[in-house]
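Breakdown of the fold
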Amino acid sequence: MNHDVGRATERVARQSYGKLIAFLAARSGDVPAAEDALSEALATALNVWPERGIPDNPEAWLLVAARRNLYGAARHASVKAAARDTIALAFEEAEERMNAGGPTFPDERLKLLFTCTHPAIDQSVHTPLMLQTVLGIDARTISQAFIVSPETMSQRLVRAKTKIREAHIPFIVPDRSVLPERLTSVLSAIYAAYGLGWDGLDGGDGKRSSLADEAIWLGRALLATMPQEPEAMGLLSLMLYCEARRAARRDADGHYVPLDGQNTTRWNAIMIAEADGLLQQAGAFDRFGPFQCQAAIQSVHTERRHSGMTDWAALATLYDALVLMKPTVGARVSQAAVIGRAQGAAAGLHHLNQMAERDIVSYQPYWAVRAHLLVEAGEAESAVMAYRTAIGLSDSSAIRKFLQERLDTVLADRS
């Protein structure tokens, strides 16, 4: 296969998957059928493009091919003629707009996002469903993030997509009167996508790191839909604070650099200024929520650009608030790390020791934080075991190397 064709197809699939699925599914009401139609179109592209050349507009080519696949499947299935006619008309109008030189087709990912988080769908699958349908993440990767088997995750996703089709869940952004009650799931799904992109950058995974950009786009689209919602502002602010540090997360040799060791001159001042403005705007509503709290935590870290120091006491106070609002495993581990800096390693370890074994046994950040605090507390032997566990649980080669270097230092000091 021509290498350029393969790269072009992969790029379009990665950048446009959610946009294409959203458009196809919104008109057919059938997410699995839309996914099958697009997969078939991508396979056709890999066969046709090497001979005919890459189209000027690969995204539009895929949409037309997928539309034909979807309509063909509908024609051979037991569906009402009226439904087939509706699908055909919608795609013909889209194709006419493309041929007329107008915009290829509307970006309806936000509609699909709200469909994935509809109250008729089990809440536990809201975020995984969004990750797969809107962003094209495979079930195996999603299962790792949610600590379940790939088979279990696949079954949950299939059931949810079937529910969308059979219950005729609409592909719409809901009426403003019900938007707030749907907001938590949508915010969580977008941030989960950003988290996978963030982890992908550490692992050098270009496909997953591009998810960060997609999540930020979704955050902006959501805020445009809900401009008076402070938690939407908080989420976008949080992602921008984190994204502003992208260039500083690796040194000149490509090695991982933790937050407190990063060169602040490499942080993106324009992104930080936008994040600051959003956080201040959200504060004016006097409705402080967990995403605003997490953004405020990142804001404290950015102050090191000016003072050269980190206010660990302020961070400890903010983490106290965050854990009260949203006591997730990640928040509690981060809280322990900050307490370890603010009040000493023993205090941080005390917080870690309160966590249930089932929550932390496979949670890599817990073991990395524990190892660091054990070193600070002078418990080198236990630190070695914790470092080895953290290294074994990490899927990032850059982080594994970083932790191995710290482990080697501990081992050298013991000898």
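About the thresholds
Residues numbered from 1 in each chain as written. Predicted model: local features only at pLDDT ≥ 70, side-chain atom pairs only at ≥ 80, totals over all residues. Heavy atoms only, no water. Helix = DSSP H or I, 4+ residues; strand = E, 2+ residues; numbered from the N terminus. Buried < 20%, exposed > 50% of the residue type's maximum accessible area, 1.4 Å probe, protein only. Contact = heavy atoms within 4.5 Å. 1 Å grid on protein atoms, 1.4 Å probe; cavity = no way out; pocket = protein on both sides within 12 Å on 5 of 7 lines; lining within 4 Å. Points joined across faces, edges and corners; volume = space filled by probe spheres on them. Polar contact = N/O pair within 3.5 Å; in protein donor to acceptor, adjacent residues only side chain to side chain. Core = buried A, V, L, I, M, F, W, Y, C linked by side-chain atoms within 4.5 Å. Salt bridge = Lys/Arg side-chain N within 4 Å of Asp/Glu carboxyl O. Axes fitted to C-alpha atoms, helices over the stretch in contact; angles between N-to-C directions. Parallel < 35°, antiparallel > 145°, perpendicular 65-115°, else oblique. Left-handed = near helix turned anticlockwise from the far one by under 90°. Nonpolar A, V, L, I, M, F, W, Y, C, P; charged D, E, K, R; others polar. Phe/Tyr/Trp six-rings, centres within 6.5 Å; stacked < 30°, edge-to-face > 60°.

The name that an unreviewed UniProt entry assigns to the chain is RNA polymerase subunit sigma-70, with the source organism given as Rhizobium mayense.

In terms of helices and strands, the chain carries 21 helices and zero strands. Here the chain holds 415 residues, and the buried ones make up 48% of them. Considering only contacts within the chain whose residues lie at least 6 apart along the sequence, 65% involve residues at least 24 apart.

So, on to empty space enclosed by the protein. If a probe the size of a water molecule is rolled over the atoms, the empty space left behind becomes visible. Taken as a whole and judged by the stated rule, the model has one cavity of 30 Å³ or more. Tallying contributions element by element places helix α1 (residues 3–28) first for the lining of the largest cavity, with six residues.

Glancing now at the side chain of His126. For His126, the location among the structural elements is in helix α6 (residues 126–133). Judged by relative accessible area, which is 4%, His126 ranks as buried. For His126, the side chain forms a polar contact with the side chain of Ser185, separated by 3.0 Å. When residues no more than four places from it in sequence are discounted, the contact partners of His126 are Cys116, Thr117, His118, Ile121 and Ser185.

Moving on, we get to the nonpolar core. Of all hydrophobic cores here, the largest spans 95 residues; its most connected members are Met130, Ile190 and Leu222. No other element matches the ten residues that helix α2 (residues 31–52) contributes to this core. Ignoring anything within four residues of it in the chain, the contact list for Met130 reads Leu113, Cys116, Leu135, Ala189, Ile190, Ala193 and Leu218. Membership of the second largest hydrophobic core comes to 25 residues, among which are Val333, Leu374, Ala386 and Leu407.

What follows concerns the pattern of salt bridges. Where charged atoms of side chains with opposite charge meet at close range, the side chains can pair. Enumeration according to the criterion identifies nine salt bridges in this entry. Between Lys19 and Glu59 there is a salt bridge, and its shortest N-O distance comes to 3.7 Å. Here Glu59 lies in helix α3 (residues 58–76) and Lys19 lies in helix α1, a separation of 40 residues in the sequence. Judged on exposure class, the residue Lys19 and its partner Glu59 are both buried. Taking the shortest distance from any N to any O, the salt bridge between Arg287 and Glu229 comes out at 3.7 Å. Separated by 58 residues along the polypeptide, Arg287 in the loop between α12 (269–283) and α13 (290–302) and Glu229 in the loop between α10 (206–225) and α11 (230–243) bring together distant segments of the chain.

Moving on to the packing of helix α15 (residues 312–325) against helix α16 (residues 329–343). One can describe the packing of α15 onto α16 by two numbers: an axis separation of 9 Å at closest approach and a directional angle of 155 degrees. When the axes of α15 and α16 are compared, the pair comes out roughly antiparallel. Of the two elements, α15 crosses α16, and the hand of that crossing is left-handed. Residues Trp312, Ala313, Leu315, Ala316, Tyr319, Asp320, Leu322 and Val323 of α15 form the contact with α16, whose participating residues are Ala331, Arg332, Ser334, Gln335, Val338, Arg341 and Ala342. For the contact of α15 with α16, the residue count by class is ten nonpolar, two polar and three charged.

Turning our eyes to something else, we now look at the packing of aromatic side chains. Under the criterion given, the structure shown has four aromatic pairs. Where Tyr191 meets Phe291, the ring centres are 5.7 Å apart and the plane angle is 85 degrees; that geometry is what we call edge-to-face. Highlighted residues: Tyr191 in helix α9 (residues 179–202) and Phe291 in helix α13, separated in sequence by 100 residues. The class for Tyr191 is partly exposed, based on a relative accessible area of 25%. With relative accessibility at 3%, the residue Phe291 sits in the buried group. Each ring, one from Tyr366 and one from Trp367, has its centre 5.0 Å from the other, and the planes form 85 degrees; the classification is edge-to-face.

With that settled, consider the side chain of Gln364. Among the secondary structure elements, Gln364 is positioned in helix α19 (residues 364–376). Those residues in contact with Gln364 that lie beyond four places of it in its chain are Ala390, Leu393, Ser394, Ile399 and Leu403.

This part covers the environment of Ser237. Following the sequence through the fold, Ser237 ends up in helix α11. For Ser237, a relative accessible area of 0% puts it in the buried group. Remark: the alpha-carbon pair of Ser237 and Gly219, spanning 18 residues in sequence, is separated by 9.3 Å.

The next point concerns helix α5 (residues 109–116). In terms of burial, α5 is a largely internal element, seven of the eight residues being buried. The set of residues buried in α5 consists of Arg109, Leu110, Leu112, Leu113, Phe114, Thr115 and Cys116.

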